[in-house]
Each structure stands twice: as structure tokens, then as C-alpha cells.
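Single-letter residue listing:
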Amino acid sequence: MGENIFRDINKDLTEEDILMLSPVQLAYIGDAVYELMIRTNILNRGKSVNEMHKSSTLYAKAEGQSEVVHELDSFFTEKEKQIIRRGRNAKSKSSSKNSNIIDYKYATGFEAMIGYLYLNREYSRLGEIFEEIKMTFNRKIKDK
């Protein structure tokens, strides 16, 4: 196994294969990757599991992901924006339980972009984006 054992589980996916995945499939993977990034980040704060869960919802809920897409728009590459648009415009059989449809669609686009980067093994870019996300949320927490 190489740099990322989870990604190495399926080595057969080429860039072309990844681009052929539906945006909802990319979001399916992106949701899991993003959740792991959030939980790993919050774990370093010495909180109870309940406190960590409450902290993680700030990052993970559709409203927060939608805000990230808008706040970091100039930070994303054109390719990343393209994947976000594909995800945002995708038809999905599921719907949001706790957010409005617009936030849900932007969150799907965001998760699709995370999934795309992960499957393409662009781990350093994922790290850069997550650092920007942390700075964005830290500013929001200080402003409250």
C-alpha cells in the first residue's frame, strides 16, 4: 500500500474513469473524506466525543459547506469550480433534511470536488483547501 491506503484499495480508477463518475458518486466519496478530515482535525482539541460532534456539525452541515464554496470561490481552481458546478447541478434522488435546497446543492458540489481531488490523489491540494476552510471557520467563530 502506498501514500493513502484507502485510495489504494481501488487502484484501477484512472482520471478518465473518475471524470465519468456521476457528480453524486463523487459527492458520496467526498462526504466521507471531508468527514474524516473534520474528525481528525477536531480530535486534536482534547474535547469529549459529544463536544467533538457538536464542533464537527459546524463544518459538515450543508449550510457550512455552501458558505465554504462561496467564501473560497477565488481560491478554487477552474477545474475545481467546474466539478462544483457539476455537483451543484446534478439531479439527486435524496434531499436535504436540515437545510434549504440551494445550500444542499452547493454542498453536493463541494463534496463532489472533494471526492474528485481525493480519487485523483491530490492530497496536498485537499490539505490546502482544508487549511483555508479552517481559517474561514475560525474567523466565523471569533466574530460570534
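What you see is a predicted model; the values in this text were computed from it and never measured.

Conventions used here
In this convention, every chain numbers its residues from 1, walking through the sequence in written order. Reporting in this predicted model follows two pLDDT cut-offs: at least 70 for local features of residues, and 80 or more for side-chain atom pairs to be given and counted; totals over whole chains, interfaces and linings ignore these cut-offs and use all residues. Computation of side-chain values: all heavy atoms of the structure, hydrogens and water removed. Working definition: helices are DSSP H or I runs of at least four residues, strands are E runs of at least two. Numbering for both runs from the N terminus. The buried label applies to any residue whose accessible area, calculated with a 1.4 Å probe on protein chains only, is under 20% of its type's maximum; exposed applies above 50%, and partly exposed to all values in between. When checking whether two residues touch, look at their non-hydrogen atoms; a contact exists if any pair is within 4.5 Å. The span one expects for a helix is its residue count, reduced by one, times 1.5 Å. This arc is taken over the directions from the axis of the helix to the C-beta atoms. Axes here mean lines fitted to C-alpha atoms, for a helix over just the part in contact, with angles spanning 0 to 180 degrees between N-to-C directions. Should an angle lie under 35 degrees it is considered roughly parallel, over 145 roughly antiparallel, and from 65 to 115 roughly perpendicular; all remaining angles are considered oblique. Any residue that is not Ala, Val, Leu, Ile, Met, Phe, Trp, Tyr, Cys, Pro, Asp, Glu, Lys or Arg is counted as polar, Gly included; the first ten are nonpolar and the last four charged. Patch membership is restricted to residues that have no salt bridge and whose relative accessible area is over 30%. Joining uses 9 Å for like charges and 5 Å for the nonpolar side chains Val, Leu, Ile, Met, Phe, Trp and Tyr. To be clear on the numbers: accessible area is Shrake-Rupley with a 1.4 Å probe, and residue cover counts the displayed protein chains and nothing else. Any Lys or Arg side-chain nitrogen located within 4 Å of an Asp or Glu carboxyl oxygen qualifies as a salt bridge. Residue types Ala, Val, Leu, Ile, Met, Phe, Trp, Tyr and Cys, when buried and joined through side-chain atoms within 4.5 Å, form a set referred to as a nonpolar core. Less than a right angle of anticlockwise turn of the near helix away from the far helix marks a crossing as left-handed, whereas a clockwise turn marks it as right-handed.

### Remarks on the environment of Thr136
Working step 1: Relative to the assigned elements, Thr136 resides in helix 7 (residues 123-143).
Working step 2: On the basis of relative accessible area, Thr136 is assigned to the buried category, the value being 3%.
Working step 3: Once the C-alpha coordinates of Thr136 and Glu71 are considered, the two residues, 65 residues apart in sequence, prove to be 7.8 Å apart.
Working step 4: Not counting residues within four places of it along the chain, the set of residues in contact with Thr136 comprises Glu71 and Leu72.

### Thoughts on helix 3 (residues 49-60)
Working step 1: In a regular helix each residue adds 1.5 Å, so twelve residues correspond to 16 Å; helix 3 covers 16 Å between its end C-alpha atoms and thus fits that length.
Working step 2: Here helix 3 has its buried residues at Met52, Ser55, Ser56 and Tyr59. Viewed along the axis of helix 3, the buried residues span an arc of 100°, placing them on a single side of the element.

### Some points on the packing of helix 2 (residues 23-43) against helix 6 (residues 101-119)
Working step 1: Relative to each other, helix 2 and helix 6 sit at 80°, their axes nearing to 6 Å. By the angle between their directions, the pair helix 2 and helix 6 is classed as roughly perpendicular. Contacts from Pro23, Leu26, Ala27, Ile29, Gly30, Asp31, Val33 and Tyr34 in helix 2 reach Thr108, Phe110, Glu111, Ala112, Ile114, Gly115, Tyr116, Tyr118 and Leu119 in helix 6.
Working step 2: A per-class count over the contact of helix 2 with helix 6 returns twelve nonpolar, three polar and two charged.

### A word on a nonpolar patch on the surface
Working step 1: A cluster of nonpolar side chains, contributed by Ile5, Phe6, Ile9 and Leu36, occupies part of the molecular surface with about 450 Å² of accessible area.
Working step 2: Tracing the backbone through its elements, the reader meets Ile5 in the segment before helix 1 (15-20).
Working step 3: Overall, Ile5 belongs to the partly exposed group, its relative accessible area being 46%.

### Quick look at the nonpolar core
If you look at soluble globular proteins, the nonpolar side chains tend to sit buried side by side.
Working step 1: By size, the foremost hydrophobic cluster in this structure holds 31 residues, and its most contacted members are Tyr34, Phe110, Met113, Leu126 and Ile133.
Working step 2: Sorting the residues of this core by element identifies helix 2, helix 3, helix 4 (62-71), helix 5 (78-89), helix 6 and helix 7 as the ones contributing at least two each.
Working step 3: With nine residues, the top contributor of residues to this core is helix 6.
Working step 4: Residue contacts for Tyr34: discarding those within four places in its chain leaves Tyr59, Ala60, Gln65, Phe110, Ile114, Phe130, Ile133 and Phe137.

### Brief notes about the packing of helix 4 against helix 6
Working step 1: Two numbers describe how helix 4 lies on helix 6: the axes approach to 8 Å, and their chain directions differ by 65°. Taken together, the axes of helix 4 and helix 6 lie roughly perpendicular to each other. Crossing hand, helix 4 versus helix 6: left-handed. Contacts between helix 4 and helix 6 involve Ala62, Glu63, Gln65, Ser66, Val68, Val69 and His70 on the former and, on the latter, Asp103, Tyr104, Tyr106, Ala107, Phe110 and Glu111.
Working step 2: Classifying every residue of the contact of helix 4 with helix 6 by side-chain character gives seven nonpolar, three polar and three charged.

### Points about the side chain of Ser66
Working step 1: Note that Ser66 resides in helix 4.
Working step 2: Beyond its immediate chain neighbours, meaning those up to four positions away, Ser66 contacts Asp103 and Tyr106.

### Focus: unusual backbone geometry
Working step 1: In this structure, Arg121 takes a positive phi of about 60° despite not being glycine.
Working step 2: Residue placement: Arg121 occurs in the loop between helix 6 and helix 7.
Working step 3: Residue classification places Arg121 among the partly exposed residues on the basis of a relative accessible area of 35%.

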